[in-house]
Amino acid sequence: MRLLIFGPQASGKGTQAARVAEHFRILHISTGDIFRENISQETELGKLAASYMNDGNLVPNEVTNNLVKNRLEEEDCAKGFILDGYPRTRNQAEFLTELNHKFDAAINLQVSESEIIKRIGARRICENCKTGFNTIFIKPKVEGVCDKCNGKLIIREDDKPEAIKKRLSLYHELTEPLLDFYREKGLIVDINGDPIMDEVYAEIIQKLSA
Ligand code: AMP
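This one's a predicted model, so the numbers in the text were calculated from it and none came from an experiment. (Residues numbered from 1 in each chain as written. Predicted model: local features only at pLDDT ≥ 70, side-chain atom pairs only at ≥ 80, totals over all residues. Heavy atoms only, no water.)

Enquirer: Can you walk me through the sheet that holds strand β6 (residues 132-134) in this structure?
Expert: The strands making up a sheet are joined through hydrogen bonds of the backbone, oriented either antiparallel or parallel. Strand order across the open sheet formed by three strands is β6-β5-β7, with antiparallel pairing between neighbours. Bordering the open sheet on either side are β6 and β7 (153-154), each of which pairs with just one other strand. As judged from the two bridges shared by strand β5 (residues 123-126) and β7, these two strands associate in the antiparallel manner. Its bridge partner being in β7, Ile 125 is matched across the sheet by Ile 154. Against the sheet, helix α6 (residues 113-122) touches β5 and β6, its axis set at about 30° to β5. (Pairing = 2+ DSSP bridges. Helix = DSSP H or I, 4+ residues; strand = E, 2+ residues; numbered from the N terminus. Contact = heavy atoms within 4.5 Å. Axes fitted to C-alpha atoms, helices over the stretch in contact; angles between N-to-C directions.)

Right, dumping it as structure tokens:
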């Protein structure tokens, strides 16, 4: 099974992608996660990615396309995968088409603007182990402290208000038009992303299994 997942910031895209991957026993490949791993390991790619990500900008297409191409050539991808956070631009969608992977569906998580703003304000990440929390949905046991490693919970650099505004407008301007591209191919599965996580997950699994 090969899937794509689309959704604006704080739509629960990463969480749902991880659960869907587990359900279908496929890989969860998130370009954002790969960039964040490289940033924490201070690799050359990480330094380059951080210079764009921290301000809410997209990492250049050429860099991201190469990263995805190399990752999808690895053997473990044969069992199927869900691509989370890619493609994000027309250029990336066309590049992906040329790689000739046959996709089964593209999940489109639809979340209202008011819900997005509420959720983003609640997002936290552990400074140390990078585990994600949310002061509304996935509360840490002790406020401001990571359940797993006792690290300090902070706001992700690219979740700060100015970066968020930029990321949301980039989503509307560059990524949303891709939905038509995949709708024409008959791949889009629309999902209401507003309800609680378990409900959204159930709707995804039900629609993908239909
Ligand atoms: P995400 O975790 O998917 O929200 O991604 C976090 C950040 O990583 C984005 O705001 C971009 O700066 C960068 N990024 C992730 N995926 C891509 C992509 N496909 N193209 C360009 N930049 C990306």
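Enquirer: Mind showing me how you'd approach helix α3 (residues 44-53) here?
Expert: Structural remark: α-helix, 3.6 residues per turn; residues separated by three or four positions point the same way. Taken as a whole, α3 has its buried residues at Gly 46, Ala 49, Ala 50 and Met 53. Buried positions in α3, seen along its axis, are confined to an arc of 105° and lie on one side of it. Exposed residues on α3 whose side chains face more than 90 degrees from its buried face are Glu 44 and Lys 47. In this fold, the buried residues of α3 make contact with α2 (31-40). (Buried < 20%, exposed > 50% of the residue type's maximum accessible area, 1.4 Å probe, protein only. Arc of directions from axis to C-beta.)

Enquirer: Sorry, what's going on with the environment of Ile 34 here?
Expert: Mapped onto the elements, Ile 34 comes out in helix α2. Judged by its relative accessible area of 17%, Ile 34 is buried.

Enquirer: Please clarify how the environment of Ile 117 should be interpreted in this entry.
Expert: In this structure, Ile 117 sits in helix α6. Exposure remark for Ile 117: the relative accessible area of 56% places this residue in the exposed category. The spacing of Ile 117 and Ala 10 is 107 residues in sequence and 8.2 Å in space, taken between C-alpha atoms.

Enquirer: Please explain empty space enclosed by the protein as it appears in this structure.
Expert: Gaps between atoms show up when a probe of the same size as a water molecule is rolled over them. The final tally for this structure, using the stated rule, is one cavity of 30 Å³ or more. In this structure, the largest cavity occupies an estimated 70 Å³ of space. Taken together, Ile 5, Phe 6, Gly 7, Gln 9, Lys 13, Gly 85, Tyr 86, Pro 87, Arg 88, Tyr 171 and Thr 175 form the lining of the largest cavity. Put simply, the parts of the chain that give the lining of the largest cavity at least two residues each are β1 (2-6) and α7 (161-175). (1 Å grid on protein atoms, 1.4 Å probe; cavity = no way out; pocket = protein on both sides within 12 Å on 5 of 7 lines; lining within 4 Å. Points joined across faces, edges and corners; volume = space filled by probe spheres on them.)

Enquirer: Even after reading the chapter, I still don't get the side chain of Asp 84, so can you show me in this structure?
Expert: Its location among the elements puts Asp 84 in strand β3 (residues 81-84). Polar contacts involving the side chain of Asp 84 include one to the side chain of Lys 13, which spans 2.8 Å. Those residues in contact with Asp 84 that sit more than four places away from it in its chain are Ile 5, Lys 13, Gly 14, Ala 17, His 28, Ile 29, Ser 30 and Thr 31. (Polar contact = N/O pair within 3.5 Å; in protein donor to acceptor, adjacent residues only side chain to side chain.)

Enquirer: Before we go on, may I ask you to explain the pairing of strand β4 (residues 105-110) in this structure?
Expert: Put simply, side chains in a regular strand alternate between the two faces of the sheet. In terms of residue burial, β4 counts as a mostly covered element, since five of its six residues are buried. Pairing geometry for β1 and β4, over four bridges, is parallel. Opposite Ile 5, over in β4, you have Ile 107 as the bridge partner.

Enquirer: Is there a simple way to think about the site of the ligand in this case?
Expert: Near the ligand, the surroundings consist of 17 residues, among which Thr 31, Arg 36, Asn 57, Gly 85 and Gln 92 are the closest. Within the backbone of Val 59, a nitrogen or oxygen atom sits 3.0 Å from a nitrogen atom of the ligand. The backbone of Gly 85 places a nitrogen or oxygen atom 2.8 Å from a nitrogen atom of the ligand. For the ligand, the protein covers 96% of the area, taking 480 Å² as the surface of the free molecule. (Near = heavy atom within 4 Å. Areas by Shrake-Rupley, 256 points an atom, 1.4 Å probe, with all protein chains shown as cover.)

Enquirer: Please clarify how the layout of surface pockets should be interpreted in this entry.
Expert: By volume, the second largest pocket amounts to about 330 Å³. For the second largest pocket, the lining is made up of 16 residues, of which Ile 39, Asn 54, Lys 130, Arg 156 and Glu 157 are closest to its centre. Of all the secondary-structure elements, those providing two or more residues to the lining of the second largest pocket are α2, α3 and β5. Among the elements that take part in the lining of the second largest pocket, α2 stands out by supplying three residues, more than any other. In terms of residue class, the lining of the second largest pocket is made up of seven nonpolar, two polar and seven charged. (Nonpolar A, V, L, I, M, F, W, Y, C, P; charged D, E, K, R; others polar.)

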